[in-house]
Amino acid sequence: MSDPESLILSSDPNHPANLICSLCRNFYTLGWVTGTGGGISIRSRTDDHDHIFIAPSGVQKERLEPSNMFVFDYPSQTYLRRPLDLKPSACTPLFMAAFTKRGAGACIHTHSQAAVLCTLLTKRRTWSIANIEQIKAIPKPSTGGYMGYFDTLTIPIIENTAHEEDLRDSLEKAMEEFPDTCAVLVRRHGVYVWGDTVWKAKTQAESLDYLFELAVKMVQLGLDPAGPIAAVED
C-alpha cells in the first residue's frame, strides 16, 4: 500500500473509518462503551479489497478520530495501516472470530449494564426470553428469516477471562454450539453482537439491549422473561 492514509480519508459519513467514530459516540451516550471499554469493527468488502477497520485500545470511544483506525487486510492477514502510538482493540481476536466463523460485516462489543445483569440473573450457560415483540428483530439463519413473536430467544453465555483475547476459543465454541445465534454474552462483562452489515449489527445490538433491560425489569417484578403467556382473566 503506497499511501495507507488514503484508507481512512473520506468525506463519506458511511465510510468505515468515519462510521466507527460516529457509532461509538452514539454507543457512549447509551452507556455501552464507557471508560474506553467495548467497541466496533467493520468489514469492507468489494471486488477490489477485503479490509477490516478496527478501533484502537485505550482511547475513549466518544473521542475517536478516523486517524486512530487500524486497517487490516483480511486475505493476507496483515495490517495495511497501524497508528504508531496505538494498539489495536483488545477485542480484535473476538471481532475476527465473527468475521471468520459467521462472515459478518460488523461486530459490536458493549459493556451494557443490562447485558451484564442478565448474565448474573442465571447460573446457566444460556439466557432466554420469549413472547416479546422485539424478538422479531433478531435473525434466525436456519430459516433464512427472523425470530417470531412466539419463539424463545436463547443467547449463549461464556465465562469471563482475565484478558479479553483469551475469550476467543469459548466464543468460537459458542458459535458452533448455537448456529442460529447472532450474539454471545460474557458473564460479568458484556456482549458481542454481529450482523451481515453494520446496520444489521446495530439493529440487533439495540434490540438485544432492549430485551436485556426488559428482562431485568421483569425479574424485579417477579416475572419470568422466558415464561409462557398468562391466560387473560375475564
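First things first, this report covers the structure right here in the doc.

**Considerations on the overall build of the protein chain**
- Counting secondary structure elements, the protein chain contains five helices and eleven strands.
- Taken over C-alpha atoms, the radius of gyration comes to 18 Å for the protein chain, in line with the 17 Å a tight globule of 234 residues would show.
- Referenced to the eigenvectors of the C-alpha coordinate spread, the extents of the protein chain come out at roughly 75 × 35 × 35 Å.
- When each of the 234 residues of the protein chain is scored for burial, the buried share is 50%.
- Looking at the protein chain alone, contacts between residues at least 24 apart form 63% of all its contacts between residues at least 6 apart.
- Of the roughly 11700 Å² of accessible surface on the protein chain, 50% is carried by carbon and sulfur atoms.

**Some words on the state of the cysteines**
- A complete count under the given rule lists zero disulfides for this structure.
- Free cysteine Cys 24: the closest other cysteine sulfur is in Cys 21, separated by 7.3 Å.
- We note that Cys 182 lacks a disulfide partner, and the nearest cysteine sulfur, in Cys 107, lies 10 Å from it.
- Note on Cys 182: relative accessible area 5%, which makes it buried.

**What to know about empty space enclosed by the protein**
- Under the criterion given, the structure shown has one cavity of 30 Å³ or more.
- The volume enclosed by the largest cavity comes to roughly 40 Å³.
- Lining the largest cavity, in full, are Trp 32, Thr 110, Ser 112, Val 191, Val 193, Ala 205, Leu 208, Asp 209 and Phe 212.
- Every element with two or more residues in the lining of the largest cavity is listed here: β11 (190-195) and α5 (198-220).
- The element that contributes the greatest number of residues to the lining of the largest cavity is α5, accounting for four residues.
- Of the residues in the lining of the largest cavity, the class split is six nonpolar, two polar and one charged.

**Quick look at the pattern of salt bridges**
- Enumeration over the complete set of coordinates arrives at eleven salt bridges.
- Salt-bridge contacts for Arg 43 lead to Asp 50; the nearest nitrogen and oxygen are separated by 2.7 Å. Just as Arg 43 is buried, Asp 50 falls in that class too.
- The closest approach of N and O atoms between Lys 202 and Glu 206, which form a salt bridge, is 2.7 Å. Within this pair, Lys 202 and its partner Glu 206 are both found in helix α5, separated by four residues, close to a single helical turn.
- Judged by relative accessible area, which is 31%, Glu 206 ranks as partly exposed.

**A word on the nonpolar core**
- Ile 20, Ile 40, Trp 127, Leu 153, Leu 208 and Phe 212 are the most contacted members of the largest nonpolar core, which totals 70 residues.
- If one sorts the elements of this core by residue count, α5 sits on top with eight residues.
- With residues up to four places along the chain from it excluded, the contact list for Phe 212 reads Ala 114, Ala 115, Cys 118, Trp 127, Leu 185 and Val 191.

**What to know about the pairing of strand β4 (residues 78-81)**
- Summarising the sheet, strand β3 (residues 70-73) and β4 pair through three bridges and their orientation is antiparallel. Note that in β4 the partner of Phe 72 across the bridge is Tyr 79.
- In this antiparallel pair of consecutive strands, β3 and β4, the connection spans four residues, and Gln 77 shows a positive phi of 55°.

**Description of the side chain of Asn 131**
- Mapped onto the elements, Asn 131 comes out in the loop between β6 (126-130) and β7 (139-140).
- Judged by its relative accessible area of 16%, Asn 131 falls in the buried class.
- Within the structure, the side chain of Asn 131 is placed 3.2 Å from the backbone oxygen of Gly 227, a separation counted as a polar contact.
- In contact with Asn 131, not counting residues within four places along its chain, are Tyr 149, Phe 150, Asp 151, Gly 227, Pro 228 and Ile 229.

**Here's the deal with the packing of helix α3 (residues 113-120) against α5**
- Across the interface, α3 lies against α5 with an axial gap of 8 Å and an inter-helix angle of 55°. Here α5 runs oblique to α3, going by the angle between their axes. The two elements α3 and α5 cross, and the hand of that crossing is left-handed. Contacts between α3 and α5 involve Ala 114, Ala 115, Leu 117 and Cys 118 from the former and Asp 209, Phe 212, Glu 213, Ala 215 and Val 216 from the latter.

What counts and how
- Along each chain, residues carry numbers from 1 onward, in the same order as the chain's sequence is written.
- The predicted nature of this model means local features are confined to residues of pLDDT at least 70 and side-chain atom pairs, given and counted, to a pLDDT of 80 or more, with totals for whole chains, interfaces and linings taken over all residues.
- The side-chain values count all of the structure's non-hydrogen atoms but skip hydrogen atoms and water molecules.
- Here a helix means four or more residues in a row that DSSP labels H or I, a strand means two or more in a row labelled E, and each is numbered from the N terminus.
- This radius of gyration counts C-alpha atoms alone. The globule rule is 2.2 Å times how many residues there are, raised to the power 0.38.
- The rule is simple: take the accessible area with a 1.4 Å probe, protein chains only, and divide by the maximum for that residue type; under 20% is buried, over 50% is exposed, in between is partly exposed.
- By definition in these notes, contact holds between two residues if any of their heavy atoms fall within 4.5 Å.
- Areas reported here follow the Shrake-Rupley algorithm with a probe of radius 1.4 Å; residue values treat only the protein chains shown as occluding.
- Two cysteine sulfurs form a disulfide in these notes if their separation is within 2.5 Å.
- Points on a 1 Å grid over protein atoms alone make up a cavity when a 1.4 Å probe fits among them but cannot get out, and a pocket when they form an open set with protein on both sides within 12 Å along at least five of seven lines; lining residues each have an atom within 4 Å of a point.
- Grid points are joined across faces, edges and corners, and a volume is the space filled by probe spheres set on the points.
- In this count, Pro and Cys sit with the nonpolar residues alongside Ala, Val, Leu, Ile, Met, Phe, Trp and Tyr, while Asp, Glu, Lys and Arg are called charged and the others, Gly among them, polar.
- By definition, a salt bridge exists where a carboxyl oxygen of Asp or Glu is found within 4 Å of a side-chain nitrogen of Lys or Arg.
- Residues belong to one nonpolar core when they are buried, are Ala, Val, Leu, Ile, Met, Phe, Trp, Tyr or Cys, and are joined through side-chain atoms within 4.5 Å.
- Strands are treated as partners if at least two bridges between them are detected by DSSP.
- In the analysis that follows, any N or O atom pair within 3.5 Å is treated as a polar contact, provided that within protein one partner can donate a hydrogen and the other can accept it, and provided that, for residues neighboring in sequence, both atoms belong to side chains.
- Orientation is described by lines fitted to C-alpha atoms, with helices fitted over the stretch in contact, and by angles between N-to-C directions that extend from 0 to 180 degrees.
- With respect to orientation, any angle under 35 degrees is reported as roughly parallel, any angle over 145 as roughly antiparallel, any angle of 65 to 115 as roughly perpendicular, and every other angle as oblique.
- Each crossing gets its hand from how the near helix is turned against the far one by less than a right angle, where anticlockwise is left-handed and clockwise is right-handed.

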